[in-house]
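Coordinates in review
Residues per chain are reported as follows:
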Amino acid sequence: MEKTMRDLLGAVKDPAREIPRMKTGESIYRNQNGEIIIFLSISDKKGRSIVVNGTGTSFKQAAEKAAAFYHSHHSRSMQPVHLKLDLVTSVKTKGNLPVHTANLAYKRRTDGLVLNGMWEAAFLPEEVDAYGMIENKKLKRERMFRAAENRFQLHNTHLLKMLTVEDEFELAYFRTQAYFIDETGVMPLFRGHRVYRELTEGILRYAIKLPKNHYFMHSVNKDGRFLYSYDPAVGTAARGYNILRHAGTLYAMLETYECFPEEKLMKEAKKALHFLLSKVVPLSEKEDSVKVLVDKDIVKLGGNGLTIVALAKYTDVTGDEQYLPLMRSMAEWTLQTQDEKGNFSVHKQKFSTGEVSPFVSSYYPGEAMLALTRLYEVDPQEKWLDACEKQAEYLIHTRDKEETKETIEHDHWLLYALADLHEERGGEDYLNHALFIARAITASQREKREGVDPEWAGSFEMKGIPRSTPTACRSEGLGAACRLALRNGLNEEAEIFFEAMKKGILFQLQMQLRPESVMYYDYKDLCLGALHESLTSYELRNDYTQHNVSSFISCYYLMQEEFYQ
């Protein structure tokens, strides 16, 4: 297939070159005339891909028709770089359906649509998703016009009338076998994405560099705010913002910079850093007041903590210590919230009145602890670790005392913090609790087995369709636990955690937007490297990419450790 795809791309680029021959097996669909049906998706890495199709009794004949149609209609300025080939494998007619009222029970990312038996009015599964053609089980005909434009079909009056005037038409679903070629090579696709059987250092390097060169470079505006949530299908950004996720995403950017330094990336990170700092203010009017992160008149233990984590990473990777006084002040507020039991008791507080909310987050203590351990690395004052130990003792012996493997929170922030704390202070309780959480995570991982969707393998038990970010958070936690186990000579345990981490990341990579999965989107540079919410939701939110990239980086470093070699 390698040579066929390279020759096919060459023929698309240059009409003088010959279309290759290729044998098609019995799995390829043939119509009543004995013809196969193929689609070529052609991308110049800029706008949405051009899609053309062809039919013929042989692959060569079908591909020649598709390529000839492209060459007779495309703009001379377009320079094809990537190519996707789809061969139709099955067609299933659903009958005549009323356009406005029919509920469409189709399989997302698997079923393409054919209208009235017209293959010029057939849309690939990825096009159906990328253009939002089906929403809440209803067909959105108006969104098909954009796809028709990228098929050179706006002159087709029969198609335009059908999409505009007709109240009913015959609908059929079709499925395909797909292949893709880009600068990295030729690969078969499964439900629109590449599939990795084994995780390698090279795969992780690519997974980290893709958002570094694209998503992170395009997701920060001139004021330093991240594009919080984006729907690539319709090109809309959601309102609202979350400053905790801003701090976490900044941290992931700085981790990426540390892994692969580039000044353009640091420039974007600094914009995001300055926006974050604009939210940090004195808690009171007193001259010696501590400082806190305030957003919408609210102070949160987790927000304060993640801001310190990001600032400590900035200090570590740049050597710039200008923010040390600020971090100390913010950490002092955390210490002031610690009660006689050792618990950081204020999770949420109204800034303007000082009123403390009864709200409690399971994750804020771990975030606050991590802030103190990371601050200690750049400002080695023992009081930071003293407070961290008190909180750890409270969590282990009070909050989590009755928890079981089935009920313990899979808290990656706490795993990071316990691993740091144990490295500095030792303590069997910290080691054992971290191992307890990590073992609970590995026990909940889904394995490949008959009757389970193959895409779900590597994810963890959770309600509904498995999602990228909950899996990524567990992968992050397993990475921290793996390092902790290695430092304590628990090599077999470390190997178990590491293998589970790799399986989780193989699941996560299915949701990273790669060249083949952004072919039908407009803003490719924003989308490339980003992680969408789940196997069926394409929402891009900054923390989805944050946690996934952090897990990739952790695994990438572990692969360079002696134990892995």
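Described in the following lines is the structure provided in the data block. Everything numeric here is computed off the predicted structure, so don't read it as measured data.

Conventions used here
- Residues numbered from 1 in each chain as written.
- Predicted model: local features only at pLDDT ≥ 70, side-chain atom pairs only at ≥ 80, totals over all residues.
- Heavy atoms only, no water.
- Helix = DSSP H or I, 4+ residues; strand = E, 2+ residues; numbered from the N terminus.
- Buried < 20%, exposed > 50% of the residue type's maximum accessible area, 1.4 Å probe, protein only.
- Lys, Arg positive; Asp, Glu negative; His and termini not counted.
- Salt bridge = Lys/Arg side-chain N within 4 Å of Asp/Glu carboxyl O.
- Polar contact = N/O pair within 3.5 Å; in protein donor to acceptor, adjacent residues only side chain to side chain.
- Contact = heavy atoms within 4.5 Å.
- Pairing = 2+ DSSP bridges.
- Core = buried A, V, L, I, M, F, W, Y, C linked by side-chain atoms within 4.5 Å.

Note that D411 resides in the loop between helix 13 (382–399) and helix 14 (412–425). R399 provides the closest opposite charge to the buried, salt-bridge-free D411, at an N-O distance of 4.7 Å. Engagement of the side chain of D411 in a polar contact is seen with the backbone nitrogen of W413, the distance being 3.0 Å. Residues in contact with D411, not counting those within four places in the same chain, are S362, Y363 and I437.

Spatially, 12-11-17 is the arrangement adopted by the 3 strands of the open sheet, whose pairing is antiparallel. Unpaired on one side and paired on the other, strand 12 (236–237) and strand 17 (540–541) mark the two borders of the sheet. Taken together, the 2 bridges between strand 11 (residues 229–231) and strand 17 define a ladder with antiparallel strand orientation. Following the sheet pairing, S229 is matched in strand 17 by R541.

Here L509 shows up in helix 17 (residues 491–509). Of the residues examined, L509 reaches a relative accessible area of 5% and is grouped as buried. In sequence terms L509 and Y196 are 313 residues apart; their C-alpha atoms lie 8.4 Å from each other. L509 has contacts with Y196, L199, I203, A207, R514 and F552, leaving out every residue within four places of it along the chain.

Here the focus is the nonpolar core. Counting 166 residues, the largest nonpolar core has F39, L115, M327 and M369 as its most contacted members. Looking at this core element by element, the count peaks at 10 residues for helix 8 (residues 243–259). In terms of nonpolar packing, the next biggest core, distinct from the first, is built from 27 residues, V12, I36, L40 and A67 among them.

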